Amino acid sequence: MERYRALFKHLPSPAVLLNSQNRVDDVNQAGLAALPTEAFERTFSRWLTRDLKEFRISPVPSRVIEKTYRAASGPPKFFKIRMAKIAPGKTDTGMVLILTDITERRRTLEELGRLASIVDSSDDAILSVSLSGKIMTWNRGAEKIYGFQPEDILGRSFMLLVPSGMREGARSILERAARGLSLSRHETVHRHRDGHLFPVSATFSPFDCYDAVLGVSVIARDISSRKQTEEELRSSHGQLQSLLNETVKSLSATHEKRDLYTAGHQQRVTRLACHMAEHLGLDQAQMEALRFAALLHDIGKVCIPMAILAKPARLSEEEMGIMKKHPESGGEIVRNIPFHGPVGEIIGQHHERLDGSGYPKGLSGNQILPASRILAVADTLEAMSSHRPYRPALGLKTTLEEFRSKSGITYDPDVCAALFDLVKSGTIRWRKGVLQCP
Ligand SMILES: [Fe+2]
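About the criteria used
- Residues numbered from 1 in each chain as written.
- Predicted model: local features only at pLDDT ≥ 70, side-chain atom pairs only at ≥ 80, totals over all residues.
- Helix = DSSP H or I, 4+ residues; strand = E, 2+ residues; numbered from the N terminus.
- Rg over C-alpha atoms; globule rule 2.2 N^0.38 Å.
- Buried ≥ 20, exposed ≤ 12 C-beta atoms within 10 Å, placed from the backbone.
- Contact = placed C-beta atoms within 7 Å.
- Domains from an automatic or database assignment.
- Pairing = 2+ DSSP bridges.
- Axes fitted to C-alpha atoms, helices over the stretch in contact; angles between N-to-C directions.

## Observations regarding the overall build of the chain
Inference 1: Within the chain, the secondary structure is distributed over 18 helices and twelve strands.
Inference 2: Relative to the 2.2 N^0.38 estimate, which gives 22 Å for 438 residues, the radius of gyration of the chain is 44 Å and therefore markedly larger than a compact globule would have.
Inference 3: By principal-axis analysis of the C-alpha atoms, the chain measures approximately 135 × 50 × 35 Å.
Inference 4: Taking all 438 residues of the chain together, 26% fall into the buried category.
Inference 5: Across the chain, the fraction of contacts at a sequence separation of at least 24, relative to all contacts at a separation of at least 6, is 50%.

## Let's talk about the domain arrangement of the chain
Inference 1: Partitioning the chain into domains gives domain 1 (2-103), domain 2 (121-227) and domain 3 (257-436).
Inference 2: Distance from the C-alpha centre of domain 1 to the C-alpha centre of domain 2: 50 Å.

## Focus on the sheet that holds strand 3 (residues 62-69)
Inference 1: Read from one edge of the open sheet, five strands run 2-1-5-4-3, paired in antiparallel fashion. Across the chains shown, the open sheet's two edge strands, defined by having one partner strand only, are strand 2 (24-27) and strand 3. Between one strand axis and the next, the sheet turns by 25 degrees as a mean value, whatever way the strands run.
Inference 2: Note that strand 1 (residues 15-18) and strand 5 (residues 95-101) share four bridges and pair antiparallel.

## Things to note about the pairing of strand 7 (residues 135-138)
Inference 1: Here strand 6 (residues 125-130) pairs with strand 7 via three bridges, running antiparallel. Counterpart to Ser128 in the pairing with strand 7 is Thr137.
Inference 2: Counting the residues between successive antiparallel strands, the hairpin from strand 6 to strand 7 contains four residues, one of them, Gly133, with a positive phi of roughly 90 degrees.

## Brief notes about the pairing of strand 9 (residues 197-209)
Inference 1: With seven bridges joining them, strand 8 (residues 183-191) and strand 9 adopt antiparallel strand pairing. Its bridge partner being in strand 9, His186 is matched across the sheet by Ala202.
Inference 2: Taking the residues that link successive antiparallel strands as the turn, the strand 8-strand 9 hairpin has five residues, and the phi of Gly195 there is positive, at about 100 degrees.
Inference 3: In textbook terms, the turn of a hairpin is the stretch between consecutive antiparallel strands, and for strand 9 and strand 10 (residues 212-222) this stretch comprises two residues, one of which, Tyr210, has a positive phi near 50 degrees.

## Some points on the environment of Arg167
Inference 1: Inspection of the secondary structure puts Arg167 in helix 8 (residues 167-178).
Inference 2: Taking the number of C-beta atoms within 10 Å as the measure of exposure, Arg167 has 13 and is therefore partly exposed.
Inference 3: A C-alpha to C-alpha distance of 62 Å links Arg167 and Glu54, two positions 113 residues apart in sequence.
Inference 4: What Arg167 contacts, discounting residues up to four positions off in sequence, is Met159 and Val162.

## A few points about the environment of Gly89
Inference 1: Here Gly89 shows up in the loop between strand 4 (77-85) and strand 5.
Inference 2: Taking the C-alpha atoms as reference, Gly89 lies 61 Å from Arg179; in sequence the two are 90 residues apart.

Below you can see the structure in the form of structure tokens.
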């Protein structure tokens, strides 16, 4: 008997002896550590009254139940209680109760349940893949995105979801993740059960247990509709861009139809300016603004009377004053066209000169936009190289001398240097006295 008493006392689980009236006869050390003493004095048998009564009248010698214990303070505890009759078959028997504290396990299970419901309610596909590449778990999001039911896909290769030409890449991503390296979100293409391919944004992360990688979790989002929207935006932007291009070209051509002496001038200036801008390393956006400005730089001449515009002789001072208004008029005309760059400002400054001798505002140095400084050289170069009713074309030597002598004075020295480089390389050349630029 002493041996059993010692065994009872030192059992690692809380144990309680009840008499035939369900009163606590004895509690072992683990029991006193798990629950407060007053629990056994006042509340223990009350806590289990109904369970003990049912068990006492039942024919079974032992039973296991799960119960929640709520103390006066602190969070509730959960116990698994094994109840055994000391004298089975007698209703007035004493009992032994052995309690197992399952609070932690219950909380872990509840937490797992919460996580599982989050995973299952996600619109993203969330799946896990074993180190051998087999699909181990598959949520409802994955069913919707890939079209496979869990029973059709669990245990099968992850490569079923990858187009045949992309499997090598997918394999190396899985291998990387299996080595413990997470892969940040990247965009790729996956395969639906019916065979159609669709774009996904996916992350691959290793999951481990006791520092050993067990597999890879994959979160994939179907981005078909985002890609379609992007494509539609790109296409509509392309259409708008081409509409703007055509509108500018038509405007440019319409103006040149009126001013027959300078027909083709704006197109030639545009080609010259773009070559110089490229040589000087202007970025794509600056180049685009310069191209539009060059194509329309003399559009303001539509406001000038034909008698002045088409006069086959040098202009009087008064006529020249009217003519000098065309950069500002041009800037005004294009002001409401939604260009991305400062096209109106570039047009408005194309007759300004580095030393302040230009018009309409007499701007100087850095007050003049770089694109306008390029346009100024291209415009003068084209005008000097072309025939005018009041003078013949001036030719290579005279034209280049203009820029050599006035580089750094009226013209930007970098733009002049670019011009000389382009002449040296043959990009800009004169053939039989006519300026040529592809
Ligand atoms: Fe002009």
